[in-house]
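Residue strings, one per chain:
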Amino acid sequence: MSAPIVVHGLSPSGGRRVTINGQIVGLAHTDNDLVEFLRRAGLDDAWDLLDDPHWIEWSGGRAHRYEAA
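Residues numbered from 1 in each chain as written. Predicted model: local features only at pLDDT ≥ 70, side-chain atom pairs only at ≥ 80, totals over all residues. Heavy atoms only, no water.

Looking at this structure, how should I read the sheet that holds strand 3 (residues 23-28)?
Think of a sheet as strands paired side by side through backbone hydrogen bonds, with each pair either parallel or antiparallel. The mixed open sheet is built from four strands, whose spatial order is 3-2-1-4. Looking at strand neighbours, the two that pair on one side only are strand 3 and strand 4 (56-58), the edges of this open sheet. Taken over all neighbouring pairs, the strand axes of this sheet differ in orientation by 20 degrees on average, direction set aside. Here strand 1 (residues 5-10) pairs with strand 2 (residues 16-20) via four bridges, running antiparallel. Across the sheet, L10 pairs through a bridge with R16, a residue of strand 2. (Pairing = 2+ DSSP bridges. Helix = DSSP H or I, 4+ residues; strand = E, 2+ residues; numbered from the N terminus. Axes fitted to C-alpha atoms, helices over the stretch in contact; angles between N-to-C directions.)

Shown next, in the form of C-alpha cells:
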C-alpha cells in the first residue's frame, strides 16, 4: 500500500505539490506549509507524520527540501 500523502518533486520555481489521496491540496514551500495542509485535512498530529513512510511519501527529491530545482 502506498502512502496517502505524497509530497511531489520540486517545482522549477520552488515548492512541492502536495496530494492527499490523489487530490491536490496545495504547493508547499516549507514544512510549515505541509503541516498546515495536513491540519486542514484533519490530521492534528501532522508534525509527527512528516517522517512516517506509512503516511507520507517524499517523491522526486529529498524530504524537507523545497527550494527551486
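Okay, back to it.
Mind showing me how you'd approach unusual backbone geometry here?
Most peptide bonds adopt trans geometry, and most residues besides glycine take a negative phi value. One non-glycine residue, N21, adopts positive backbone phi at about 50 degrees. Within the secondary structure, N21 is located in the loop between strand 2 and strand 3.

How do you make sense of the nonpolar core when you look at a structure like this?
Residues I5, L34, L38 and I56 are the most contacted members of the largest nonpolar core, which totals 16 residues. Sequence-distant contacts of L34, that is, excluding residues within four places in its chain, are made with V7, V18, A28, L50, W58 and Y66. (Core = buried A, V, L, I, M, F, W, Y, C linked by side-chain atoms within 4.5 Å. Buried < 20%, exposed > 50% of the residue type's maximum accessible area, 1.4 Å probe, protein only. Contact = heavy atoms within 4.5 Å.)

Just to check I follow, could you spell out the environment of P12 for this structure?
Secondary-structure assignment places P12 in the loop between strand 1 and strand 2. Judged by relative accessible area, P12 falls into the exposed class, the value being 71%. Through-space distance from the C-alpha of P12 to that of W47 is 26 Å; in sequence the pair is 35 residues apart.

Where do I start with the packing of aromatic side chains in this structure?
For the structure on display, the rule yields one aromatic pair. Judged by centre distance (6.2 Å) and plane angle (70 degrees), the rings of W58 and Y66 are edge-to-face. (Phe/Tyr/Trp six-rings, centres within 6.5 Å; stacked < 30°, edge-to-face > 60°.)

Is there a simple way to explain the environment of G15 in this structure?
Here G15 shows up in the loop between strand 1 and strand 2. Sequence spacing of G15 and Y66 is 51 residues, and the spatial spacing of their C-alpha atoms is 4.7 Å. When residues no more than four places from it in sequence are discounted, the contact partners of G15 are G9, L10, L27, A28, H29 and Y66.

Can you help me understand the pattern of salt bridges in this one?
Side chains that differ in sign of charge can pair as their charged atoms come close. Tallied over the full model, the rule gives three salt bridges. Between R39 and E36 there is a salt bridge whose closest N-O contact spans 2.5 Å. Here R39 and its partner E36 are both found in helix 1 (residues 31-40), three residues apart, which amounts to about one turn of the helix. A salt bridge links E36 to R40; the shortest N-O distance between them is 3.0 Å. Placement of the pair is E36 and R40 together in helix 1, with a separation of four residues, close to one helical turn. Here R40 falls in the exposed class, since its relative accessible area comes to 62%. Each of the salt bridges in this network shares a partner with another, and the network as a whole consists of E36, R39 and R40. (Salt bridge = Lys/Arg side-chain N within 4 Å of Asp/Glu carboxyl O.)

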